[in-house]
Amino acid sequence: MATHDIFMPALSSTMTEGKIVEWLKKPGDKVERGESVLVVESDKADMDVESFQDGFLASIVMPAGSSAPVGETIGLIVETADEIAAAQANAPSTASQSTSQLKASSSTQVQEKEASVDSPKATEVKKEPSVPLVPDSSTSQPEFLNDGRIVASPRAKKLASQMGVNLANVRGSGPHGRIQAEDVQSAKGQPISVPWIAESNAPANIVSDILPRVEKKSVDSDKPPAAGKSFGSRGETIAFNTLQQAVNRNMEESLNTPCFRVGYSILTDELDSFYKQVKPNGVTMTALLVKAVGLTLARHPQVNAAFSSEGIAYPSQINVAVAVAMEDGGLITPVLQNADETSLADLSLQWADLVRRARNKQLEPQEYSSGTFTLSNLGMFGVDRFDAILPPGTGAILAVGASLPKVVASKDGSISIKKQMQVNLTADHRVIYGADGALFLKDLSYLIEKNPHSLSS
Amino acid sequence: MNKKLHSVSPESGPNINLEVTPQLAQSSSAFLFEPKNIVPFETALGWQKIFQKSLIEEPFSPQAVWLLEHFSCFTIGRGSDKKNLLFEENKSPLPVFSIERGGEVTHHMPGQVVGYLALNLSLHKKDLSWYLRELEQVLIDVLYLLGIEGKRIDGLTGVWCEDKKVGSIGIGCKRWVTQHGFSLNVDCDLIGFENIVPCGLDKVKLGRLSDWIPGIKVCDVKPLLRESVKRRFKLNWRNR
């Protein structure tokens with residue numbers, strides 16, 4: 001059980017208070033993360049304020065038409081319908097308190113207003129619901145001491161009390177080590193940076209879905225991307241680890257294979273909306289792509305075939321391997337067996353298990369070397385296209401880029417935006433010819449664009 | 001830390017002759033649409049929605065700018081006071097649209113250039129006051145090129161020439177993605193404003209550029225606006 005405050009957002013650096021134009025939700029209404037809950041106006045600009053949380057609007061602390069200082073609690077969101085009543089019971093006191101504060105304070109004293117947000121009275125109201133949230137065993141957070149004195153932004157303090165984070169253990173990233181709201185979130189284990197491991201559920205949505213949505217500041221998409229990693233220091237030479245050596249051998253071997261590449265652009269709006277439908281059932285985007293490739297391979301056995309000294313070898317199964325980068329170097333290709341015949345839910349479960357065990361180096365050779373076709377996805381980094389190196393023993397590998405919006409103009413002059421994903425097939429020309437690859441891609445594209453529902457059959 | 005030390009104040013008129021190279025690191029690209037025909041209000045609204053939605057879902061998707069004219073209509077913001085409509089709502093002489101922007105009622109009509117911007121302010125500056133002042137500066141820069149002195153009035157949003165308001169601004173924003181923008185009266189008929197209290201300002205006098213430059217047409221102003229918007233927000237036009 002937890003209550004989450006909606007704060008008056010800062011629409012500009014000079015704004016001290018904002019006017020609530022309209023509540024788009026009523027108390028008791030269900031709200032989704034990212035959904036607009038109210039509209040705040042400053043000057044001639046309207047800003048939709050979104051919920052950063054799935055749940056219910058429990059209470060409107062500041063009604064439409066009223067003004068509130070930046071950072072003030074203006075509404076409460078709870079996670080379940082059962083908590084609405086409890087939160088509402090607490091709310092009126094907050095409301096009257098806030099309004100009286102508002103009336104009393106003059107508009108220039110911003111500092112005082114901000115301070116009043118974390119006055120003991122204000123936090124007391126929230127303490128009760130936040131206590132059960134306290135367990136933060138989930139994260140292995142480093143102990144960090146701010147030499148006794150805790151300097152934190154008002155919002156960070158508020159978040160910390162809501163989330164049950166002890167500020168004494170939080171490293172501050174602000175000026176002079178001041179703890180910011182983001183620091184509290186990262187201490188709690190909410191991801192604030194893009195995980196670099198090259199395995200993801202999404203071909204696109206680079207920033208928006210991975211970063212948490214803080215309701216007032218939205219996504220800091222202007223933050224610089226995470227730094228690239230290095231296995232050694234400057235001037236050093238580091239021996240390849242076993243996995244890296246294995247990758248090297250495989251990649252060098254591919255130089256003996258006469259490869260060609262063929263690309264295709266696939267519209268993904270239908271796939272995305274299908275993904276939204278099945279996501280609640282635990283289906284991942286990786287599973288969808290694997291299934292789509294598996295079903296298409298079933299209709300294009302030539303693309304599932306491989307070169308052997310005796311001739312073209314047609315495997316008895318369709319096993320789709322998916323490349324996963326390993327944190328300590330190298331990459332591994334866990335395999336989803338019989339991808340054409342396995343259900344989306346099973347593929348999703350198996351994939352989660354494979355990735356977990358791959359990270360712990362617990363995969364059996366059969367589980368990463370039995371692929372008949374490989375999928376490599378760098379879409380989550382925003383890559384629009386790339387080409388992949390063919391793993392030995394297989395006939396083809398598909399490189400999947402991000403699904404990115406493209407403007408499409410129709411004949412009547414109207415414009416629309418459709419999401420487009422570029423895929424690039426690398427194939428062994430001894431087995432797979434240009435037309436084979438092209439037809440495979442055309443069929444894959446048809447399945448994804450027109451018929452994603454058939455993936456669940 | 002004093003934030004003001006780091007904030008950028010809008011450049012004033014004379015600086016506008018300094019050409020800003022569009023390929024600066026902080027430049028971003030946008031589509032520019034300049035429909036030749038007059039566009040129904042709801043059509044342009046639909047266009048903006050498409051881009052705004054896309055930018056919200058995908059912060060690096062295309063931004064867009066429209067320069068166009070509307071058929072006569074009134075629009076009111078979500079926070080607008082209906083008292084500023086000087087007629088009964090169901091007996092309006094013209095279509096009335098309730099839209100998601102700040103500010104009070106305004107009036108569009110042929111002869112007025114409307115500029116809509118679907119920008120992701122995360123790529124520019126996440127500050128709505130800054131954005132409103134920059135939109136004003138876009139108009140002031142254009143007026144300067146036409147030899148007219150445009151000015152702001154403290155505490156109000158918009159652009160005035162002498163004592164007449166020629167440019168209006170109203171925007172909506174969701175997750176720092178903007179919609180709506182500005183309007184500039186060029187050679188339009190101002191009579192429709194008599195049915196409303198424009199911008200909720202009781203004694204505001206409206207003006208149009210043709211009061212100062214007889215014979216000026218929308219097509220004379222559009223190219224200046226296009227360049228001014230491009231320079232002010234450091235945009236590259238993607239479709240040219």
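Residues numbered from 1 in each chain as written. Chains lettered and ligands numbered in written order. Predicted model: local features only at pLDDT ≥ 70, side-chain atom pairs only at ≥ 80, totals over all residues.

Concerning the overall build of chain A
Here is step 1: For chain A, the helix and strand inventory stands at 12 helices and 18 strands.
Here is step 2: Sequence separation of at least 24 residues holds for 66% of the intrachain contacts in chain A that already meet a minimum separation of 6. (Helix = DSSP H or I, 4+ residues; strand = E, 2+ residues; numbered from the N terminus. Contact = placed C-beta atoms within 7 Å.)

Re the overall build of chain B
Here is step 1: Check the secondary structure of chain B and you find three helices and 12 strands.
Here is step 2: Per-residue burial for chain B yields a buried fraction of 44% across its 240 residues.
Here is step 3: Residue pairs in contact within chain B that sit at least 24 positions apart in sequence constitute 74% of those at least 6 positions apart. (Buried ≥ 20, exposed ≤ 12 C-beta atoms within 10 Å, placed from the backbone.)

Let's talk about the sheet that holds strand β15 (residues 335-336) of chain A
The strands making up a sheet are joined through hydrogen bonds of the backbone, oriented either antiparallel or parallel.
Residues and elements named next belong to chain A.
Here is step 1: The six strands are arranged β9-β18-β17-β16-β12-β15 in an open sheet whose pairing can be described as mixed. Only two strands of the sheet have a single neighbouring strand rather than two, namely β9 (259-267) and β15.
Here is step 2: For strand β17 (residues 396-409) and strand β18 (residues 415-428), the ladder comprises 12 bridges, and the chain directions are antiparallel. The residue of β18 that forms the bridge with Pro405 is Lys419.
Here is step 3: The sheet contacts of helix α12 (residues 434-450) involve β9 and β18, and relative to β9 the element is tilted by about 20 degrees. (Pairing = 2+ DSSP bridges. Axes fitted to C-alpha atoms, helices over the stretch in contact; angles between N-to-C directions.)

Looking at the interface of chain B and chain A
One frequently used descriptor of interface size is the decrease in accessible area upon assembly of the parts.
Here is step 1: The interface is formed by 37 residues belonging to chain B together with 32 residues belonging to chain A.
Here is step 2: The residue inventory of the side of chain B that touches chain A, partitioned by class, reads 16 nonpolar, 12 polar and nine charged.
Here is step 3: Pairing between strand β5 (residues 45-50) of chain A and strand β9 (residues 164-174) of chain B: four bridges, direction parallel. Bridge assignment links Met47 of chain A to a residue of β9 of chain B, and that residue is Cys173 of chain B. (Nonpolar A, V, L, I, M, F, W, Y, C, P; charged D, E, K, R; others polar.)

Some details on the packing of helix α8 (residues 285-299) of chain A against α12 of chain A
Residues and elements named next belong to chain A.
Here is step 1: Where α8 contacts α12, the two axes come as close as 9 Å, and the packing angle between them is 135 degrees. With respect to α12, the axis of α8 lies oblique. In the packing of α8 onto α12, the handedness of the crossing is right-handed. In contact with Ala292, Val293, Leu295, Thr296 and Arg299 of α8, α12 contributes Phe440, Asp443, Leu444, Leu447 and Ile448. (Parallel < 35°, antiparallel > 145°, perpendicular 65-115°, else oblique. Left-handed = near helix turned anticlockwise from the far one by under 90°.)

What to know about the pairing of strand β8 (residues 73-78) of chain A
Residues and elements named next belong to chain A.
Here is step 1: Here β8 lies mainly inside the structure; six of its six residues are buried.
Here is step 2: In this sheet, β8 lies alongside strand β1 (residues 3-7) in antiparallel orientation, the contact comprising five bridges. Within β8, the residue paired with Thr3 across the bridge is Val78.

What to know about unusual backbone geometry
All names here are of chain B.
Here is step 1: Residues other than glycine seldom take positive phi values, yet Glu162 does so here, at roughly 50 degrees.
Here is step 2: Position of Glu162 relative to the elements: it lies in the loop between β8 (159-161) and β9.
Here is step 3: One non-glycine residue with positive phi stands out, namely His180, at about 60 degrees.
Here is step 4: Position of His180 among the secondary structure elements: in strand β10 (residues 177-185).

Overview of the confidence of the model for chain B
The predicted coordinates ought not to be read in detail in places where the model reports low pLDDT.
Residue and element names in this part refer to chain B.
Here is step 1: For chain B, the mean per-residue pLDDT works out to 84, and 88% of the residues sit at or above 70.
Here is step 2: In the predicted structure, residues 1-25 sits below a pLDDT of 50 and forms 20 contacts with residues beyond four places in sequence or in another chain.
Here is step 3: In the predicted complex, the global pTM is 0.51; the interface-specific ipTM is 0.76. (pLDDT = per-residue confidence, 0-100.)

Overview of the confidence of the model for chain A
All names here are of chain A.
Here is step 1: Across chain A, the average pLDDT comes to 76, with 72% of residues at 70 or higher.
Here is step 2: With pLDDT under 50 throughout, residues 92-148 is counted as low confidence; its partners more than four residues away or in other chains account for 65 contacts.
Here is step 3: Note that residues 190-221 has pLDDT below 50 and, in this model, 82 contacts with residues that lie over four places away or in other chains.

Topic: helix α7 (residues 269-278) of chain A
Residues and elements named next belong to chain A.
Here is step 1: Turning to α7, its buried residues number three or more, namely Leu271, Asp272, Phe274, Tyr275 and Val278. Projected down its long axis, α7 shows its buried positions confined to an angular sector of 165 degrees, all on one face. Relative to its buried face, α7 has exposed residues pointing more than 90 degrees away, namely Ser273, Lys276 and Gln277.
Here is step 2: For α7, the secondary structure elements touched by its buried residues are α8, α10 (344-359), β18 and α12. (Arc of directions from axis to C-beta.)

Section: the pairing of β17 of chain A
Here is step 1: In terms of burial, β17 of chain A is largely enclosed, as 10 of its 14 residues are buried.
Here is step 2: Two successive antiparallel strands, β17 of chain A and β18 of chain A, enclose a turn made up of five residues, where Gly413 of chain A displays a positive phi of approximately 90 degrees.

Remarks on the sheet that holds strand β4 (residues 96-98) of chain B
All names here are of chain B.
Here is step 1: Strands sit in the order β4-β3-β5 across an open sheet of three strands; the sheet is mixed. The open sheet has two free edges, formed respectively by β4 and β5 (106-108), since each of these has just one partner strand. Direction aside, the axes of adjacent strands within the sheet are offset by 30 degrees on average.

Some points on the environment of Val31 of chain A
Residues and elements named next belong to chain A.
Here is step 1: Along the chain, Val31 turns up in strand β3 (residues 30-31).
Here is step 2: Given 21 C-beta atoms within a 10 Å radius, Val31 is considered buried.
Here is step 3: Separated by 19 residues in sequence, Val31 and Glu50 place their C-alpha atoms 9.2 Å apart.
Here is step 4: When near neighbours in sequence (up to four residues on either side) are disregarded, Val31 contacts Lys25, Val37, Ser51, Gly55, Phe56, Leu57 and Ile77.

What about the packing of helix α2 (residues 128-145) of chain B against helix α3 (residues 218-232) of chain B?
All names here are of chain B.
Here is step 1: Contact geometry of α2 with α3 gives a least axis separation of 9 Å together with a crossing angle of 135 degrees. Taken together, the axes of α2 and α3 are oblique relative to one another. The element α2 and its partner α3 pack so that their crossing is right-handed. Together, Glu134, Gln137, Val138, Asp141, Val142 and Leu145 of α2 and Val221, Leu224, Leu225, Ser228, Val229 and Arg232 of α3 make up the contact between the two elements.
Here is step 2: Residue classes in the contact of α2 with α3 are distributed as seven nonpolar, two polar and three charged.

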